[in-house]
Structure formats: C-alpha cells, structure tokens
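# Observations on chain architecture
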Amino acid sequence: MNCMPDQKIYIFDTTLRDGEQVPGCKLNTKEKIELALALEDLGVDIIEAGFPISSPGDFQSVEEISKVIRNATICALSRSVQKDIEVAGEALKKAKRGRIHTGIGTSDFHIKGKFNSNREDILARAIQCVKWARNYTDDVEFYAEDAGRTDNEYLARVIEAVIAAGATTVNIPDTTGYCLPSQYGEKIAYLVNNVSNIDKAVISCHCHNDLGLATANSIAGVINGARQIECTINGLGERAGNTSLEEVVMILKQHHTLGYTTSIKAQQLNPLSRLVSDTMRMPVQPNKAIVGSNAFSHSSGIHQDGFLKDAQTYEIINPDEVGAEGSKIVLTARSGRSALAHRFHKLGFQYTRNDIDVLYAQFLNVADGKKEVNDEDLQALANEYQAVA
Ligand code: KIV
Ligand code: ZN
C-alpha cells in the first residue's frame, strides 16, 4: 500500500494578466478586485494580478489587489528591465505576500528574432533581472519565455544560474503552445535531472493552447516533477488561450491515484466561470469541459437510456461537485423513448409503455423540425393525445 501523502500542486491563476490580454477582455480596477477576491475564495495559491509597468491603470489594480488579498500570494509581471521590476516592486508594497515574475525569452527565435542577441548575453540578463527583483522580495519567479522551443541544454544552464541568483520558482512556458505532452514532460524531467540546484526552486508549467494541448502538457509537466500550474478560468489567454484552471484541477481530482492535491474548492468552479465570462464579456463555448453549458447534457437516445439507469454510465463527474446546475436530458430527434417517458413523468404524466409508443411517433415529427423539444411542445402533445383518447 502506498502511504505517501499527496503532493500539493500550487495553482497560479493568471486570469487577470494573461487572461486579460485577450482582445475585448480588458478589466478596470474594480472588476479586477472583484475577480481577485473570488479567486482567493476559490482557493488559488497565487494570483497574477497584472503587469504594473504596462499602464497606470494596471499599476493601480495590482496595488489595490495587494491591499485586499490576505491569503493568496500576489504576483506582478515584469520584463527583464530594471524599471519594470522597480515598478512591480512598488505596486506590490502593500501585499502580505508579494511575488515578482520576471524573465526573458530563451529560445533562439527570441534571442535572435526579438533581441538580436546571443545566448551568453541573454544568460547574463536573466541572472541580472532576478538579482534586481530580489531587492524587493524574496519570492521571485523567473520565466524562460518560449522554453517550449528552447534547447534543453541551454535552458538547464539558464535555470541553474537564475536559481543560484535567487529565483525561488522557475517557470517553463510553452509560450507558443508548440510542444507535445511527451516533449513537454521530457523537458521538465531533463531539468529535474540536469539542474544541480533544482531542489531549491518550484518548477512551474505555463502552457498555451495553440494546438489544444495546454492542459495535457501541464499534466505531463506535473507528472515529471513540476509543482505549480499557471492557468486561467475558462482557459482564457493570448491567442488560443492558456491551460484551463477547471480542467487541471478536476483531472488531478479525478485521477487522485496519481497522488496530487490542490487547494481549489471545486464547487465554486462553475459560479466563478460564469462570473469571469460575464465580467469579461467572453462567452464560454458550450462544449467546454467542466464549465460549458453542455458539459452535463445528454442528448442521444443511447446515452440518455444509460444515464437514466445509472448516471455513472455517461458521467465521470457529479455536476454538484463542480457547482454546475445539474445533468440535463435534452430532447432532440436523436432522443429515445426512455428520455421522453422520463420527461413526461417529470411533467406529471403517468404514461404506459403503449402510450409512450404512440406519443414517441408524434414526438419525432415535432423533433425533426426543431433543434430541441421543450416542455411546451410536450404539453401540446399530451393535450392532443388526451383529446383523441
Ligand atoms: O506565455 C508566456 O511565456 C508568458 C510569460 C510572460 C510568462 O505569458
Ligand atoms: Zn503566457
């Protein structure tokens, strides 16, 4: 029997920073504070509140959030620029626990294309920015931007050097969402095995969803030694988005035999998803895992029949567990007799099997002409049936 206690995975929420970078999702300070309080209530460990140098409004948001949040760590983003770091430090002054998140691109795409520089100079800048940040807080996270496409040997050198300079968390972003889960997992394993001082820092996954692999990559990262996941509510973020908080949390919960735990109160996932969607005016796709409106809907006859006999045949999560409204049986032309009988029963009609056979034929006529058959349609069918009988 394995008696090892579960390992805690830190949940670093970046809805207010990477999520807010989505076109149309900009938030004002009041909205950011409201969401920060809700995130703290949800149980996230770290809230990335913004990028203070980017605008006076964002500076104010980080400053105000720092005043009101007492349990979660507040994180501020900066580039590897002294002024950025100084302003981030200033914005975090009132935080009970403040973290500066600083870093630089480490892939050759970034080194050459963005900085017109070379690996040695970038290594020196990486060390320097961590040292600057340590003047403001002893909680410094370093990001190696585009680590997903960075040569592992060079990445290991950078990570070892920034930890020696004082970084306490090292973020390995798959900035472009390029990696396969096996590649991202191997990258984390390579760092675990080749960075001599890696035990002095927490390894963090920050994955983007350009190929739809952000969640899978984050989980691969954890399995290979990462202990922090950077994610957003509803998977919001640059381009195709970031890792979805609700997905990684529920994967670790569903697969508890892997031996990981988080501090997230899962029942708040759906209410918070709605709050973020409404505040950012960004609808959630209906088929989104955990929080989409169809996540617990059953529409085909085969599924409905199985679900009505035993919910576990087609549901791996009880909707109550994630604060969803409940399972739904949607009546469409693909539905079967069991679902129809179930719905009539809910409306107060006690029909025999023969009644349902007759009503089912009429139901299909209605269903073929509509996307979904509703209670009014059923009531009309029942009235007609009664009139004929
Ligand atoms: O995607 C990324 O690399 C980032 C960093 C700034 C952490 O968002
Ligand atoms: Zn990002």
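Quick caveat, the model's predicted, so the values are computed rather than measured. (Residues numbered from 1 in each chain as written. Chains lettered and ligands numbered in written order. Predicted model: local features only at pLDDT ≥ 70, side-chain atom pairs only at ≥ 80, totals over all residues.)

To continue, consider the sheet that holds strand β5 (residues 98–105). Strands sit in the order β2-β3-β4-β5-β6-β7-β8-β9 around a closed barrel of eight strands; the barrel is parallel. Averaged over all pairs of adjacent strands, the angle between strand axes in this sheet comes to 25°, irrespective of strand direction. Judged from the two bridges that link them, strand β2 (residues 10–13) and strand β3 (residues 46–50) form a sheet pairing that is parallel. Bridge assignment links Phe12 to a residue of β3, and that residue is Ile46. Contacts from helix α2 (residues 56–68) reach β3, β4 (73–79) and β5, with the element oriented near 150° to β3. Each of β7 (169–174), β8 (202–207) and β9 (228–231) touches helix α8 (residues 214–223); the most contacted strand, β8, lies at about 165° to it. (Pairing = 2+ DSSP bridges. Helix = DSSP H or I, 4+ residues; strand = E, 2+ residues; numbered from the N terminus. Axes fitted to C-alpha atoms, helices over the stretch in contact; angles between N-to-C directions. Contact = placed C-beta atoms within 7 Å.)

We now examine the site of ligand 1. Around ligand 1 sit Asp18, Tyr143, Glu145, Asn171, Pro173, Thr175, His206 and His208, and those are all the residues in its vicinity. Of all the secondary-structure elements, those providing two or more residues to the shell around ligand 1 are β6 (140–145) and β7. Along the lines of polarity and charge, the residues of the shell around ligand 1 split into two nonpolar, four polar and two charged. (Near = placed C-beta within 6 Å. Nonpolar A, V, L, I, M, F, W, Y, C, P; charged D, E, K, R; others polar.)

Another point: the UniProt feature "domain: Pyruvate carboxyltransferase" (unreviewed entry) in the protein. In the UniProt entry, the feature "domain: Pyruvate carboxyltransferase" (unreviewed entry) is given for residues 9–270. In residues 9–270, the share of helix is 42% and the share of strand is 18%. The end C-alpha atoms are 21 Å apart. (UniProt positions renumbered as here; feature names shortened; annotations may be inferred.)

Now for the pairing of β8. Of all six residues that make up β8, five are buried, and the element is covered over most of its length. Note: β7 against β8, six bridges, orientation parallel. Counterpart to Asn171 in the pairing with β8 is Ser204. Read from β7 through helix α7 (residues 181–194) to β8, the crossover connection turns out right-handed. Taken together, the three bridges between β8 and β9 define a ladder with parallel strand orientation. In the strand pairing of β9, His206 is matched with Glu230. This β-α-β element, β8 to α8 to β9, shows right-handed connectivity. (Buried ≥ 20, exposed ≤ 12 C-beta atoms within 10 Å, placed from the backbone. Right-handed = clockwise from strand over helix to strand, strands pointing away.)

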